[in-house]
Amino acid sequence: MQKWMQNFYKKTGLNLYVWLAFFILPFYFISQYSKLWTMVTGIIIILVFFVCYLLAFITKGWQVYMWIGMLIAISITMTIAYDYAYFSLFLAFFIGNIKNKAGFFTLYSVNLGASFVTINYGFINQSSLLVSQLPFVFISLMASILLPISTYNKNKTEHLEGQLENANKRLDDLVKMEERQRIARDLHDTLGQKLSLIGLKTDLARRLLRNNPDQAEIELNDLRQTASTALKEVREMVTTMRGTQLVDELFRAEQILKAASIEFVLEGNPKLQDTSQLNENVLGMCLKEAVTNVVKHSQATTCTIIIKETLADNVVTVQDNGVGIERTRKQDRRGTGILGMKERLEFVNGCLDIPSATDIPGTAIIIHVPKLVRKPIKEAES
């Protein structure tokens with residue numbers, strides 16, 4: 001039940017109990033009338049409104065605009081006949097979820113214009129009930145102006161974030177595919193020719209073994225030399241195979257931040273010294289997770305990445321000027337990947353620090369990765 005309510009809140013932006021209050025309110029309003037036929041007519045109109053509202057949610061295409069047109073007509077009827085001007089709130093929320101730009105602005109203008117006209121009509125006719133609700137009517141009117149814009153921008157931002165995440169995944173897949181192709185080419189060029197030569201020399205040595213043992217021995221020595229050369233080249237190739245280097249990850253981070261309209265600032269030298277490939281891989285993965293958090297959760301305008309070296313560690317700081325990590329944790333129930341970064345760093349004896357919000361604005365994530373332990377020259381010679 002709790003999970004269902006969380007999904008309901010995520011899709012609608014409002015708590016379930018708030019929606020229940022909105023549904024009950026018009027029935028309570030109609031119950032204040034003394035005449036039975038007035039109450040029955042009002043209840044029927046309200047039920048028709050909610051049925052059309054539901055149909056507008058579950059249908060697609062031109063039918064959505066048909067149901068919204070009926071909803072606007074019912075809202076106008078309720079405002080004029082019953083002085084109930086709050087159906088515009090339901091319309092404002094629904095219109096904000098329309099993805100088509102032209103459709104959104106058209107319905108937004110129609111709903112807002114209808115609300116202004118009907119409310120002013122009630123005031124001109126000096127409707128005592130509408131005048132007594134003036135503060136609430138004004139709030140409803142302001143919500144009809146602001147709510148659709150807010151909902152539309154929120155949905156657009158989420159859509160862009162989803163596109164950005166998909167583009168990032170595709171970029172990673174392309175990088176992996178290119179790396180696989182490069183490894184395949186290197187293996188073919190390194191081992192293919194050598195293995196073919198080994199096969200030919202093996203056949204030749206076998207034929208010469210009985211008739212010309214001296215030449216067979218020469219061929220076997222060449223065979224051994226060829227195998228040694230192939231083994232050396234394979235070792236060199238494996239040594240030079242690169243995982244995720246910090247320079248490459250910084251390039252991808254810059255592209256992602258620019259796509260999210262966040263200014264990228266780099267301080268320090270990205271070419272690390274005395275660091276194993278494993279440690280640099282872990283550092284690159286943590287940097288990627290930290291930058292993803294900045295894009296998805298921080299609402300920042302600037303992201304600064306600072307790279308420093310100490311005697312024992314390489315230190316990378318990812319700092320933004322956003323809302324802060326405490327607010328981010330409250331808004332995002334799924335977490336921000338901090339635990340995953342800590343687990344990766346613990347594997348290489350690294351650590352992660354997050355200064356409190358009182359020390360610096362926004363959020364700063366400080367990543368420590370140890371360097372390779374190197375003995376001084378004098379000690380090694382002794």
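Let me sum up the structure you'll find in this document.

**Overview of the pattern of salt bridges**
One pass over the full model with this rule turns up four salt bridges. Across the salt bridge formed by aspartate 203 and arginine 206, the nearest N and O atoms sit 3.6 Å from each other. Of the two residues, aspartate 203 and arginine 206 are both situated in helix α8 (residues 134–211); the distance of three residues between them amounts to about one turn of the helix. Aspartate 203 sits in the partly exposed class, given a relative accessible area of 33%. Across the pair glutamate 309 and lysine 371 runs a salt bridge, and its minimum N-O distance is 3.1 Å. Of this pair, glutamate 309 sits in strand β2 (residues 302–309) while lysine 371 sits in the loop between β5 (363–370) and α14 (377–381), and the two are 62 residues apart along the sequence. A relative accessible area of 16% means that lysine 371 is categorised as buried.

**Some details on the nonpolar core**
Core analysis: the biggest nonpolar cluster contains 37 residues, and Phe49, Tyr53, Ile68, Leu71, Met78 and Phe87 have the highest contact counts within it. For this core, the secondary-structure elements that each account for two or more residues are α2 (16–30), α3 (36–58), α4 (62–82), α5 (87–96), α6 (101–124) and α8. Of all the elements, α4 adds the most residues to this core, at eight residues. Not counting the four nearest positions on each side in its chain, methionine 78 is found in contact with Ile30, Ile45, Ile46, Asp83, Tyr84 and Phe87. Membership of the second largest hydrophobic core comes to 31 residues, among which are Cys286, Ala290, Val294 and Val348.

Reading the values: the criteria
- Residues numbered from 1 in each chain as written.
- Predicted model: local features only at pLDDT ≥ 70, side-chain atom pairs only at ≥ 80, totals over all residues.
- Heavy atoms only, no water.
- Salt bridge = Lys/Arg side-chain N within 4 Å of Asp/Glu carboxyl O.
- Helix = DSSP H or I, 4+ residues; strand = E, 2+ residues; numbered from the N terminus.
- Buried < 20%, exposed > 50% of the residue type's maximum accessible area, 1.4 Å probe, protein only.
- Core = buried A, V, L, I, M, F, W, Y, C linked by side-chain atoms within 4.5 Å.
- Contact = heavy atoms within 4.5 Å.

These values are about where atoms sit, not about what they do.
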